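Descriptive analysis of the structure
Here is how the chains run, residue by residue.
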Amino acid sequence: MTRREVREQVFKIVFQKEFHTAADLEEQAKIYIEENEIEGPDAEEILEKCLKIFDKIEELDVDINERTDNWKTTRMSKVDLSLIRLALYEMRYDDIPKGVAINEAVELAKKYGTDSSSSFVNGVLAKFNE
């Protein structure tokens, strides 16, 4: 899998966070990986990254809420929020260049979000690129 494909799979699992309890997240991630027949190093990388993001969700959400005006995480679409969390995690903890993390999140927003998702995600993440 390419890095972009891995990132897309991670996004899909992070998105599931909104529909499961914290206690179920690891099991749900494993089920997703198994059902999508992801194996070997890719499966390990995806699971590890998801678990690290889940561990940092509260911290990421505090940062997002502090930098956004009138758009707290509770008001954001779940797709947009998941992409912002993923990109912010990559920018802070994965040594991914900020521009790359933002660009990748915007591209995924175009694919999975609404017509305005890509500009919204870009605008929020730009606040972390200063």
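Summarised in this report is the structure supplied together with it. Please read these numbers as outputs of a predicted model, since none were measured by experiment.

So, on to the side chain of Glu90. Residue placement: Glu90 occurs in helix α4 (residues 78-93). Engagement of the side chain of Glu90 in a polar contact is seen with the side chain of Arg7, the distance being 2.9 Å. Ignoring any residue separated from it by four or fewer positions in sequence, one finds Glu90 in contact with Arg7, Lys49, Asp95, Ile96 and Ala101.

So, on to the pattern of salt bridges. Using the criterion set out here, one finds 14 salt bridges in the structure. With its nearest N and O atoms 2.9 Å apart, the salt bridge here joins Glu90 to Arg7. Note that Glu90 is positioned in helix α4 and Arg7 in helix α1 (residues 3-16), a separation of 83 residues in sequence. The exposure classification of Glu90 matches that of Arg7, with both residues buried. In this structure, Asp61 engages Arg85 in a salt bridge whose closest nitrogen and oxygen atoms are separated by 2.7 Å. Here Arg85 lies in helix α4 and Asp61 lies in helix α3 (residues 40-67), a separation of 24 residues in the sequence. The structure contains a network of salt bridges with shared partners spanning Arg4, Arg7, Lys49, Glu90, Asp94 and Glu104.

Our focus in this paragraph is the packing of α1 against helix α5 (residues 98-112). In the contact formed by α1 and α5, the axes pass within 11 Å of each other and the chain directions differ by 60°. On the basis of the axis angle, α1 is oblique to α5. Once α1 is placed against α5, the crossing between them reads as right-handed. Contact residues: Arg4, Arg7, Glu8, Phe11 and Lys12 in α1; Asn103, Glu104, Glu107, Leu108, Lys111 and Tyr112 in α5. For the contact of α1 with α5, the residue count by class is three nonpolar, one polar and seven charged.

Another point: α4. For α4, with 16 residues, the first-to-last C-alpha span of 22 Å sits near the 22 Å given by 1.5 Å per residue. Counting buried positions along α4 gives 13 out of 16 residues, so the element sits mostly inside the fold. Asp95 lies just past α4 and shows a positive phi near 55°.

What follows is about the environment of Tyr89. Structurally, the position occupied by Tyr89 is in helix α4. Taking the C-alpha atoms as reference, Tyr89 lies 10.0 Å from Phe54; in sequence the two are 35 residues apart. Discounting residues that sit within four places of it in the chain, Tyr89 has contacts with Lys49, Lys52, Ile53, Lys56, Leu60 and Asp94.

Of all hydrophobic cores here, the largest spans 41 residues; its most connected members are Val10, Ile13, Ile33, Ile46, Ile53, Ile84 and Leu125. Of all the secondary-structure elements, those providing two or more residues to this core are α1, α2 (25-35), α3, α4, α5 and α6 (117-126).

One can find Glu104 in helix α5. A polar contact is formed between the side chain of Glu104 and the side chain of Arg7, at a distance of 3.4 Å. Apart from residues no more than four positions distant in its own chain, Glu104 is found in contact with Arg4 and Arg7.

Calculation criteria
- Residues numbered from 1 in each chain as written.
- Predicted model: local features only at pLDDT ≥ 70, side-chain atom pairs only at ≥ 80, totals over all residues.
- Heavy atoms only, no water.
- Helix = DSSP H or I, 4+ residues; strand = E, 2+ residues; numbered from the N terminus.
- Polar contact = N/O pair within 3.5 Å; in protein donor to acceptor, adjacent residues only side chain to side chain.
- Contact = heavy atoms within 4.5 Å.
- Salt bridge = Lys/Arg side-chain N within 4 Å of Asp/Glu carboxyl O.
- Buried < 20%, exposed > 50% of the residue type's maximum accessible area, 1.4 Å probe, protein only.
- Axes fitted to C-alpha atoms, helices over the stretch in contact; angles between N-to-C directions.
- Parallel < 35°, antiparallel > 145°, perpendicular 65-115°, else oblique.
- Left-handed = near helix turned anticlockwise from the far one by under 90°.
- Nonpolar A, V, L, I, M, F, W, Y, C, P; charged D, E, K, R; others polar.
- Expected span 1.5 Å × (residues − 1).
- Core = buried A, V, L, I, M, F, W, Y, C linked by side-chain atoms within 4.5 Å.

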